[in-house]
Amino acid sequence: MIGELNSNIPSGPLAEKWSKHKFESKLINPANRRKYEIIVVGSGLAGGAAAATLGELGYKVKCFCYQDSPRRAHSIAAQGGINAAKNYQNDGDSVHRLFYDTLKGGDFRAREANVHRLAEVSVNIIDQCVAQGVPFAREYGGMLDNRSFGGAQVSRTFYARGQTGQQLLLGAYSGLCKQIAAGSVEMFPRTEMLDLVVIDGHAKGIVVRDMVTGAITSHAADAVLLATGGYGNVFYLSTNAKGCNVTAAYRAHKRGALFANPCYTQIHPTCIPVAGDYQSKLTLMSESLRNDGRVWVPKKKGDNRKPHEIPEDERDYYLERKYPSFGNLAPRDISSRSAKEACDDGRGVGPGGLGVYLDFADAIKRLSEKVVRERYGNLFEMYEQITGEDGYKVPMRIFPAVHYTMGGLWVDYNLQSNVPGLFVLGEANFSDHGANRLGASALMQGLADGYFVIPSTIGNYLAPNVGKRPSTDHPEFKRVVDEVQARTKLLLGIKGRRTVDSFHRELGMLMWDLCGMARTEKSLQRALSRIPTLREEFWKNVNIPGENESLNVSLEKAGRVADFLEFGELMCLDALERRESCGGHFREEFQYPDGEAKRDDENFAHVAAWEFTGEGSKPTRHVEPLVFENVKPSVRSYK
């Protein structure tokens, strides 16, 4: 059984905790670092930055990714920017303001200490990336430019047009390549983690599948770092890459790691609407577009006129009306629910009425089309390629879609899970965003964890455990390999009648309808009754062509969907137990008369961390209370 969760938050004043903790953390001298081997799973911003930095420090690192190259990690898809409290615009920003905005944006459901550390480290991230050659946008005089993002009234977002994630990943990738060439990092592309090996309660290795040959092998290490992203694809349609999955995190969960706040999923308001029944993924339009684009719907229900035919006084700029202080840059959860409300009211636009307008006509008049092209040109090109519509001439159509997940494996202040030796970075952990992530903070957290946090904290685990790395000849490695091979053989032997994608699509629609942008006790109970039935059918009726000993995309998908079919139930259970509305978790029973989310700080100001208790058994819910010493939680208002 798991006892009290120890977050290991250092004592002392909030602004001094991180400096104090770094000073008190155990150090390992350079000669001794060569004695340690570290596994990093994932090569995005968190994983790539961690592998490069740990390799440069002298550790032996093995980095695994299922892509054909580390530079194809999903971090590449991030568009709009990365936050940092530099106050280059002299508009009142500070580390404390970024800390407060992030804590408030997460609806006061994150740890103060973790969030403040993130705000502190943010200023160093930009300097690191500039030194790597990341081509951030600059003003005419050569200074780095900034723009605004949702949930903030200052300009603190650094950007590289609509390609910020790509440029930051190339920076991390260059550092990673340097260490690969130096021999301190060994790279394993096209290799998927299928299980975690735990020996005497400590994470000591992983079992992987070579996605080209099908070979299942194991790797031992002194510590395992998971930087495997989020679980948004449980909804099937999302803005995530098709390969994004929960498998690494969920298999670690089944080996003892607690899964925290799985119901916290983020719906992004600025997505290109679904075009048809057989669409396989969705495309995000950067939140940065809301700096100059105005969001509106017709005031009249069923108004099917073309947008230019609807006069100004018959348009409802609903974000500007409802949230005058923040306007079109209201946070994502609030903006998404407002769009849903407008569409549910019969005022949506486009096919099926599932869309709202994002209009640049006023910006073009104010700034000129030339300036708008300079700021957002590649985003407009992407929109036109997908929709066939010119966003300079007609308003873009957008609708909310699943984007990011704030839940993840539980970690303490050192980013270590409750399983000693298992560390979790970036979107794969739960630690920094509470119930809702502010735009441009994902890149900030990934790089903070990889470049600055884990190199300072991993020594606290490694130093006392030198010489305790087992060999892959250990019986536990052989046992886990046998289990993985048996599971693979079982999947391939079902030979049913339905494709893996058909099960994934059905699960996704079920999750979106019953545990999506809005949830109720009734809808969640329906989901909890239907998911086990669907999972049972999957294990009886899925059809996976081919074999294991070769490239087999259907087999890869099947393992991931099997995990989603279990994880989806955990999500719904977590959403059912959290009887409040906060951030991206909106329970319709808990809202104020004006429709805003109604938190219950008396009963739910805590992290819910779930323990796996065996196949077919209800997981155990553990609680880590959230203590607010520096900020008093208040009703979250952006009006």
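The sections below set out a description of the structure shown in this document.

1. Considerations on the pairing of strand β8 (residues 216-220)
Phase 1: Here five bridges tie strand β7 (residues 202-210) to β8, and the two strands are oriented antiparallel to one another. Within β8, the position partnered with Val207 by the bridge is Ser218.
Phase 2: Linking β7 to β8, which pair antiparallel, is a turn of five residues; within it Gly214 sits at a positive phi near 85 degrees.

2. A closer look at helix α1 (residues 17-24)
Phase 1: Among the residues of α1, those classed as buried are Lys17, Trp18 and His21. All buried residues of α1 fall inside an arc of 90 degrees around its axis, so they share one side.
Phase 2: Where the residues of α1 are buried, they touch α5 (112-132), α12 (442-457) and α13 (459-462).

3. A closer look at the sheet that holds strand β18 (residues 606-611)
Phase 1: The strand order across the open sheet built from four strands is β16-β10-β18-β19, with neighbouring strands paired in antiparallel fashion. Taken across any chain shown, the strands that pair with only one partner, and hence form the sheet edges, are β16 (408-409) and β19 (620-625).
Phase 2: This element, helix α17 (residues 553-577), spans β10 (259-260), β18 and β19 of the sheet and lies at about 145 degrees to β18.

4. What to know about the nonpolar core
Phase 1: Counting residues in hydrophobic clusters, the biggest one holds 143 residues, and the most contacted among them are Ile82, Leu225 and Ile458.
Phase 2: Looking at this core, the element that brings in the most residues is α17, giving 13 residues.
Phase 3: Excluding residues within four positions of it along the chain, Ile458 makes contact with Ile38, Leu54, Tyr59, Ala223, Leu225 and Phe423.
Phase 4: With 29 residues, the next largest nonpolar core counts Ile272, Phe326, Phe360 and Ile364 among its residues.

5. Regarding the sheet that holds strand β12 (residues 294-298)
Phase 1: One open sheet holds the five strands; their spatial order is β11-β15-β14-β12-β13, and the pairing between them is antiparallel. The sheet is open, and its two borders are formed by β11 (265-271) and β13 (315-316), each paired with just one other strand.
Phase 2: Two strands pair when backbone bridges link them, and β11 and strand β15 (residues 396-405) are joined in this way by five bridges, in the antiparallel orientation. Bridge assignment links Ile267 to a residue of β15, and that residue is Val402.

6. Here we look at the packing of aromatic side chains
Phase 1: As enumerated under the stated definition, the model contains 22 aromatic pairs in all.
Phase 2: Where Tyr231 meets Phe259, the ring centres are 5.8 Å apart and the plane angle is 70 degrees; that geometry is what we call edge-to-face. Taken together, the residues span a long stretch of sequence, with Tyr231 in the loop between β9 (223-226) and α7 (247-254) and Phe259 in strand β10 at a distance of 28 residues. This pair shows no difference in class: Tyr231 is buried, exactly as Phe259 is.
Phase 3: Three or more aromatic residues joined by ring pairs make a cluster, and in this case those are Tyr231, Tyr250, Phe259 and Phe567.
Phase 4: Between Arg117 and the ring centre of Trp18, over which it is positioned, the NZ or CZ distance is 4.9 Å.
Phase 5: Taking NZ or CZ as reference, Arg560 lies 5.0 Å from the ring centre of Tyr66, over its face.

Thresholds applied
Residues numbered from 1 in each chain as written. Predicted model: local features only at pLDDT ≥ 70, side-chain atom pairs only at ≥ 80, totals over all residues. Heavy atoms only, no water. Pairing = 2+ DSSP bridges. Helix = DSSP H or I, 4+ residues; strand = E, 2+ residues; numbered from the N terminus. Buried < 20%, exposed > 50% of the residue type's maximum accessible area, 1.4 Å probe, protein only. Arc of directions from axis to C-beta. Contact = heavy atoms within 4.5 Å. Axes fitted to C-alpha atoms, helices over the stretch in contact; angles between N-to-C directions. Core = buried A, V, L, I, M, F, W, Y, C linked by side-chain atoms within 4.5 Å. Phe/Tyr/Trp six-rings, centres within 6.5 Å; stacked < 30°, edge-to-face > 60°. Lys NZ or Arg CZ within 6 Å of the ring centre and 35° of its normal.

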